[in-house]
Amino acid sequence: MLEIRDLHVTYGAVAAVRGISLTVGDGSIVALMGANGAGKSSTLKSVTGQVRPARGEILWDGRSLAGTSAVRIARQGVACVPEGRGIFSDLTVLDNLRLGAYRLRGSRSLASKLDAVYDFFPILRDRRDQTAGTLSGGEQQMMVIGRALMAEPRLLLLDEPSLGLAPKIVDQVYGIVGDICRQLDLAALVIEQDASIALSICSSGYVLRNGVVAVHGTRDDLMNDAAIRDSYLGA
Ligand SMILES: Nc1ncnc2c1ncn2[C@@H]1O[C@H](COP(=O)(O)OP(=O)(O)OP(=O)(O)O)[C@@H](O)[C@H]1O
Ligand SMILES: [Mg+2]
């Protein structure tokens, strides 16, 4: 479904991504891990069209995304939950969710999509008229995942959804993301620094180090890899 081939991203003199290749198959959940500055967000932003690759190819359903605008990529079914969440603090929860609905037509499809999001995150139904900036961190994270779902994506890109959340809330959010992907048959690429969190729902993963793929494999391969355990699983 998504295939990245030999991706390079540079910012001036900084080579942030230096030849990354990865694939996300239909309906699969894939982890993208690595330390600060490894190139995770740069990889994701290349997929969403926010960053133009210096070299390499990104294929969506076999077709190159080169030169495709971020808006078009989003309309083709790629939804992103960005690093730092990107909420509209002064708007209500409902209005934040509606902003995600740019692919929907008609008020009936909007209402049914909202209901589907509220069923995954019942707290958002209770808080729909609350200003988003006053939500707890966990509620904000749920809201931006909900906002991404409003676009009826086929692929969900999540950039460090656990950031700043208590472990219990992280487990809850990840549990729901797993349910969402299974029930809606969505694929996901999940960025996390902590491999044990990412691998709780991912079937395979890639570990980036200084802009290259250091290791990749199935969940079991990665869990059993001594170097990964020592570096990324806190063993
Ligand atoms: N807009 C930019 N201009 C210049 N350098 C950048 C820019 N964005 C990222 N970089 C640099 O590129 C490298 C990779 O950054 P990136 O944000 O992709 O890392 P990351 O793996 O997402 O890290 P983190 O876990 O801290 O979010 C870093 O050295 C960073 O300083
Ligand atoms: Mg990042």
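Throughout what follows, the structure given in this document is the object of discussion.

Reading the values: the criteria
Residues numbered from 1 in each chain as written. Chains lettered and ligands numbered in written order. Predicted model: local features only at pLDDT ≥ 70, side-chain atom pairs only at ≥ 80, totals over all residues. Heavy atoms only, no water. Helix = DSSP H or I, 4+ residues; strand = E, 2+ residues; numbered from the N terminus. Expected span 1.5 Å × (residues − 1). Buried < 20%, exposed > 50% of the residue type's maximum accessible area, 1.4 Å probe, protein only. Contact = heavy atoms within 4.5 Å. Donors = N, O, S within 2.8 Å, 3.2 Å for Na, K, Ca; no water. Pairing = 2+ DSSP bridges. Core = buried A, V, L, I, M, F, W, Y, C linked by side-chain atoms within 4.5 Å. Lys, Arg positive; Asp, Glu negative; His and termini not counted. Salt bridge = Lys/Arg side-chain N within 4 Å of Asp/Glu carboxyl O. Polar contact = N/O pair within 3.5 Å; in protein donor to acceptor, adjacent residues only side chain to side chain. Axes fitted to C-alpha atoms, helices over the stretch in contact; angles between N-to-C directions.

1. Examining helix 6 (residues 137-149)
Over its 13 residues, helix 6 runs 19 Å from end to end, which matches the ideal 18 Å to within 8%, given 1.5 Å per residue. Gly138, Glu139, Gln140, Gln141, Met142, Met143, Val144, Ile145, Gly146, Arg147, Ala148 and Leu149 are the residues of helix 6 that are buried. Where helix 6 is buried, its residues meet strand 6 (78-81), helix 3 (93-99), helix 4 (107-120), helix 5 (122-126), strand 7 (155-159) and helix 7 (167-184).

2. With respect to the coordination of the magnesium ion (ligand 2)
Within the protein, Ser41 (OG) and Glu83 (OE) serve as the donor atoms for the magnesium ion (ligand 2), at 2.0 to 2.3 Å. On the criterion of sequence distance, the pair formed by Ser41 in helix 1 (residues 40-48) and Glu83 in the loop between strand 6 and helix 3 is long-range, its members being 42 residues apart. Assessed through its relative accessible area of 15%, Ser41 is described here as buried.

3. Digging into the pairing of strand 1 (residues 2-11)
Where strand 1 and strand 2 (residues 14-24) come together, eight bridges link them in antiparallel fashion. Bridged to Val9 within strand 2 is Val17. Here strand 1 hands over to strand 2 after two residues, with Gly12 in that stretch at a positive phi of 55°. With five bridges connecting them, strand 1 and strand 4 (residues 55-60) associate as antiparallel partners. Its bridge partner lying in strand 4, Leu2 is registered against Trp60.

4. Digging into the nonpolar core
Ranked by internal contacts, the top residues of the largest apolar core, which has 46 residues, are Met33, Leu97, Phe121, Leu124, Ile145, Leu156 and Ile180. Residue contacts for Leu97: discarding those within four places in its chain leaves Leu114, Val117, Tyr118, Met143, Gly146, Arg147 and Met150. Residues Ile4, Leu7, Ile20 and Leu32 belong to the second largest nonpolar core, which totals 28 residues.

5. Thoughts on the side chain of Asp159
Inspection of the secondary structure puts Asp159 in strand 7. For the buried Asp159, no salt bridge exists, and the shortest N-O distance to an oppositely charged side chain is 6.4 Å, to Lys45. At 2.6 Å, the side chain of Asp159 forms a polar contact with the side chain of Ser41. When residues no more than four places from it in sequence are discounted, the contact partners of Asp159 are Ser41, Leu44, Val81, Pro82, Glu83 and Ile191.

6. Observations regarding the pattern of salt bridges
What the rule picks out here adds up to 11 salt bridges. Its salt-bridge partner being Arg5, residue Glu3 comes within 3.1 Å of it at the nearest N-O pair. Overall, the relative accessible area of 29% leaves Glu3 in the partly exposed class. Accessibility expressed as a relative area gives 38% for Arg5, which makes it partly exposed.

7. Points about the sheet that holds strand 5 (residues 63-64)
Read across the sheet, four strands follow the order 2-1-4-5 without closing on themselves; strand pairing throughout is antiparallel. Both edges of this open sheet fall to strand 2 and strand 5, since each of them pairs with a single strand only. In the packing of helix 1 onto the sheet, contacts are made with strand 1, strand 2 and strand 4, and the angle to strand 1 comes to roughly 115°.

8. Some thoughts on the sheet that holds strand 7
One open sheet accounts for six strands, arranged 6-7-8-3-9-10; its pairing is mixed. Two strands lie at the open edges of the sheet, namely strand 6 and strand 10 (212-218), each paired on one side alone. Each neighbouring strand pair of the sheet contributes to a mean axis angle of 15°, computed without reference to strand direction. Where strand 3 (residues 29-34) meets strand 8 (residues 187-192), five bridges bridge the pair, whose relative direction is parallel. Bridging across to strand 8, Met33 finds its partner in Glu192.

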